[in-house]
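Given next are the chains, with one letter for each unit.
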Amino acid sequence: MRWRRHLGRLGARGELARHAAARLNAGEATYRNRNLQRPATALLDEALEEAADLAGWLALLDRTHPLEGGALTLARKATRHAQHAHTALTTLKQRLKEREQ
């Protein structure tokens, strides 16, 4: 699995790493490696959208199938992680922009 080293370097393990690698492989097949040539800030924009999508999907889930108890606790935890990811990605994007200047 060619993405294993890169995912491992970032701390992705287990099912997340397998799922991420499968999605990266599918993306390569679909986009024919064009993503590998995109600027870093464009890739970060995509990641920021994904973090926002995670929170949005959880809100949609709660609206259509109201979450309670442990399920709500887990959805809130996932949303907090999405918030942390969004904040970290925003900071990373800013640092990359500063380095480009």
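To be clear, the structure that these remarks concern was listed above.
Definitions and limits used
- Residues numbered from 1 in each chain as written.
- Predicted model: local features only at pLDDT ≥ 70, side-chain atom pairs only at ≥ 80, totals over all residues.
- Heavy atoms only, no water.
- Helix = DSSP H or I, 4+ residues; strand = E, 2+ residues; numbered from the N terminus.
- Buried < 20%, exposed > 50% of the residue type's maximum accessible area, 1.4 Å probe, protein only.
- Contact = heavy atoms within 4.5 Å.
- Expected span 1.5 Å × (residues − 1).
- Arc of directions from axis to C-beta.

In this section: the side chain of glutamate 28. Structurally, glutamate 28 can be placed in helix H2 (residues 14-31). The exposure class of glutamate 28 is buried, given its relative accessible area of 16%. Look past the residues within four positions of glutamate 28 in its chain and what remains in contact with it is Arg2, Trp3 and Asn33.

This part takes up H2. End to end, H2 covers 26 Å across 18 residues, agreeing with the expected 26 Å (1.5 Å per residue, within 8%). Of all the residues in H2, the buried ones are Ala17, Ala21 and Glu28. The arc that holds the buried residues of H2, viewed along the axis, is 35°, so those residues lie on one side. Pointing more than 90 degrees away from the buried face of H2 are the exposed residues Glu15, Leu16, Arg23 and Ala29. Immediately downstream of H2, the backbone of arginine 32 shows phi near 50°, a positive value.

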